[in-house]
Amino acid sequence: MARVLHTLLLFLVRLALKIRVWGYWSLIYGYCALCTTAALLKLCWNIVLRPTTTFQWETRETPPACLNDTSLGTHCYVRIKESGLRFHYVAAGERGKPLMLFLHGFPEFWFSWRYQLREFKSEFRVVAIDMRGYGESDLPLSTESYHLDYLVTDVKDIVEYLGYNRCCLVGHDWGGTIAWLFAIHYPEMVTKLIVLNCPHPSVFTDYTLRHPSQLLKSSHFFFFQLPCFPELMLSINDFKALKALFTSRSTGIGRKGRWLTAEDLEAYLYAVSQPGALTGALNYYRNVFSSLPLSHKHVRSPVLLLWGERDAFLEQEMAEACRLYIRNHFRLNIISGASHWLQQDQPDIVNTLIWTFLKEGEGRKSYRN
């Protein structure tokens, strides 16, 4: 009798797991279909309004001058033996000083850290990389090449190539996700973790499933699962949607006096207009659902989380919830009036808060038991 009950219980557990998995993927693909329908309607409306320009976009052949600004650092390249990929990065500050490594988000590249490269090169070897699939770094063709495990390993390989065994790691948006994961898997390599407008991956998963408002704000995650169509929608009208991300009243950089200049915006358009660039960037999203939830969650490095209160894509409540997964000093700063593009929107405040965090705990151990 006991054996029969055990078998029945095991069957019910497996059935519940299958139902949960089925429900999980049904939600993903169902919402994906909904977002696709909305995008198709938008495309049709664009064709009605702008029949001659909808399918026109330009590949920028020449980089704008701001990308060659020597005050930002030196352009360098590294080919990683294990992956075979070549990475581009911009570095400044003296070799041998502590390493501060910057990881950008979507749809950015190393240039998004221009204010921080200038600021922290006095005391650090500052390095802003073009992540796999972005900028002048290699763009693997297969979607599977952008699995989170590979993206985390890229950071480890680059740190070691630069001659370091640890770094102060700074990440924003998708770069923040990779930074969280790197700190989880390689705690001995992160002296301090600084994340801008990106929740701990487990917080994001749990919160989004329980809050329809955040699910709505994350609709692009589902739409980007489609092949080819998202690239088309981001390209039409000469990348109008991408321009709006940085410049519109609802999602763009909001602080007067810090709006992107025409040249700054052209730098982003130069990067995303290159062949294959949008596909590489979108492939980050196309692997995310198969990578979550996490098996290991806790961060043992000191953490600074900076959050712009006007973030149009992420709800502020997730920021405080990150505290649950941190086994060390945690500092959270909500920056009033700041948008999702925090390090460009409020660079002076961001830099000051980072300096304060870096000076905290000097002379004591970076980790605690």
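Up top is the structure.
This section reports on the structure supplied with the text. Numbers given to residues run from 1 along each chain, matching the order in which its sequence is written. Under the rules for a predicted model, residues below a pLDDT of 70 receive no local features and side-chain atom pairs below 80 are neither given nor counted, while totals for whole chains, interfaces and linings still include all residues. In computing side-chain values, all of the structure's heavy atoms are included and hydrogens and water are not.

1. Re the environment of Leu193
Only DSSP runs of H or I with at least four residues qualify as helices, and only runs of E with at least two residues qualify as strands; both kinds are numbered from the N terminus onward. Turning to its location among the elements, Leu193 is positioned in strand 6 (residues 190-196). Think of it in three bands: residues with accessible area under 20% of the maximum for their type are buried, residues over 50% are exposed, and the middle band is partly exposed, with areas taken using a 1.4 Å probe on protein chains only. Since its relative accessible area comes to 0%, Leu193 is described here as buried. Considered as a pair, Leu193 and Phe357 are 164 residues apart in the sequence and their alpha carbons are 9.9 Å apart. Not counting residues within four places of it along the chain, the set of residues in contact with Leu193 comprises Leu169, Ala179, Trp180, Ala183, Val299, Pro302, Val303, Leu304 and Phe357. Throughout, a contact is declared for two residues whenever any of their heavy atoms are within 4.5 Å.

2. Section: the environment of Leu314
As for its position among the elements, Leu314 is in the loop between strand 7 (303-308) and helix 12 (317-321). Leu314 sits in the buried class, given a relative accessible area of 11%. C-alpha separation for the pair Leu314 and Ser213, spaced 101 residues apart in sequence, amounts to 9.7 Å.

3. A look at the pattern of salt bridges
Here, a salt bridge means any side-chain nitrogen of Lys or Arg that lies within 4 Å of a carboxyl oxygen of Asp or Glu. Overall, the coordinates contain twelve salt bridges when judged by the stated rule. The residue Glu123 makes a salt bridge to Lys359 at a minimum N-O spacing of 3.2 Å. Residue Glu123 is located in the loop between helix 2 (114-120) and strand 4 (125-129), and its partner Lys359 is located in helix 14 (residues 347-359); the two are separated by 236 residues in the primary sequence. On the accessibility criterion, Glu123 (39% relative accessible area) is partly exposed. With a closest N to O distance of 3.7 Å, Lys243 and Asp238 form a salt bridge. Exposure remark for Lys243: the relative accessible area of 24% places this residue in the partly exposed category. Salt bridges sharing common partners tie together Arg60, Asp238, Lys243 and Glu266.

4. Regarding unusual backbone geometry
Residue Pro107 follows Phe106 across a cis peptide bond; omega there is -5°. Turning to its location among the elements, Pro107 is positioned in the loop between strand 3 (99-103) and helix 2. One non-glycine residue, Cys228, adopts positive backbone phi at about 70°. Along the chain, Cys228 turns up in the loop between helix 7 (219-223) and helix 8 (229-247).

5. A few points about the sheet that holds strand 5 (residues 167-172)
The criterion for strand pairing is that DSSP finds at least two bridges linking the strands in question. With respect to topology, eight strands assemble into an open sheet ordered 1-2-4-3-5-6-7-8, the strand pairing being mixed. The open sheet has two free edges, formed respectively by strand 1 (74-79) and strand 8 (330-335), since each of these has just one partner strand. Taken pair by pair, the neighbouring strands of this sheet meet at an average axis angle of 20°, ignoring direction. Relative to strand 5, strand 3 is paired through four bridges, and the arrangement is parallel. Structural elements are reduced to axes, namely lines fitted to C-alpha atoms, with helices fitted over the stretch in contact, and the angle between N-to-C directions of any two is expressed from 0 to 180 degrees.

6. What to know about the packing of aromatic side chains
Centres within 6.5 Å make a pair out of two Phe, Tyr or Trp rings, where for Trp the six-membered ring is used; the pair is then stacked when the planes are under 30 degrees apart, edge-to-face when over 60, and tilted otherwise. Going through the model one piece at a time under the given rule, you end up with 24 aromatic pairs. Measuring from ring centre to ring centre gives 5.5 Å for Phe109 and Tyr268, while their planes differ by 90°; the resulting arrangement is edge-to-face. Taken together, the positions of Phe109 in the loop between strand 3 and helix 2 and Tyr268 in helix 9 (residues 262-272) put the pair 159 residues apart, joining distant regions of the chain. Relative to Tyr285, the ring of Phe224 lies with its centre 4.9 Å away and its plane at 75°, an arrangement referred to as edge-to-face. Here Phe224 is found in the loop between helix 7 and helix 8, whereas its partner Tyr285 is found in the loop between helix 10 (277-282) and helix 11 (288-291), with 61 residues between them in sequence. Ring pairing ties together the aromatic residues Phe106, Tyr134, Tyr146, Trp174, Phe204, Phe221, Phe223, Phe224, Phe229, Tyr284 and Tyr285, which thus form one cluster. Ring-over charges, as used throughout, are those where CZ of Arg or NZ of Lys falls within 6 Å of the ring centre and within 35 degrees of the ring normal. Seen from the ring of Phe357, Lys192 lies directly overhead, with NZ or CZ sitting 4.8 Å from the centre.

7. Some remarks on the environment of Ser71
Looking at the secondary structure, you find Ser71 in the loop between helix 1 (2-49) and strand 1. Considered as a pair, Ser71 and Arg114 are 43 residues apart in the sequence and their alpha carbons are 9.2 Å apart. Residues contacting Ser71, with those up to four places away along its chain left out, are Arg118 and Lys121. For Ser71, the side chain forms a polar contact with the side chain of Arg118, separated by 3.1 Å. Think of a polar contact as two N or O atoms within 3.5 Å of one another; within protein, one of them needs to be a possible hydrogen donor and the other a possible acceptor, and neighboring residues in sequence only count if both atoms come from side chains.

8. Some thoughts on helix 5 (residues 201-210)
With respect to burial, helix 5 is a largely interior element, seven of its ten residues being buried. Listed in full, the buried residues belonging to helix 5 are Pro201, Ser202, Val203, Phe204, Thr205, Tyr207 and Thr208. In this structure, the buried residues of helix 5 make contact with helix 4 (174-185), helix 6 (212-217), helix 7 and helix 12.

By themselves, these are just geometric observations and shouldn't be taken as functional.
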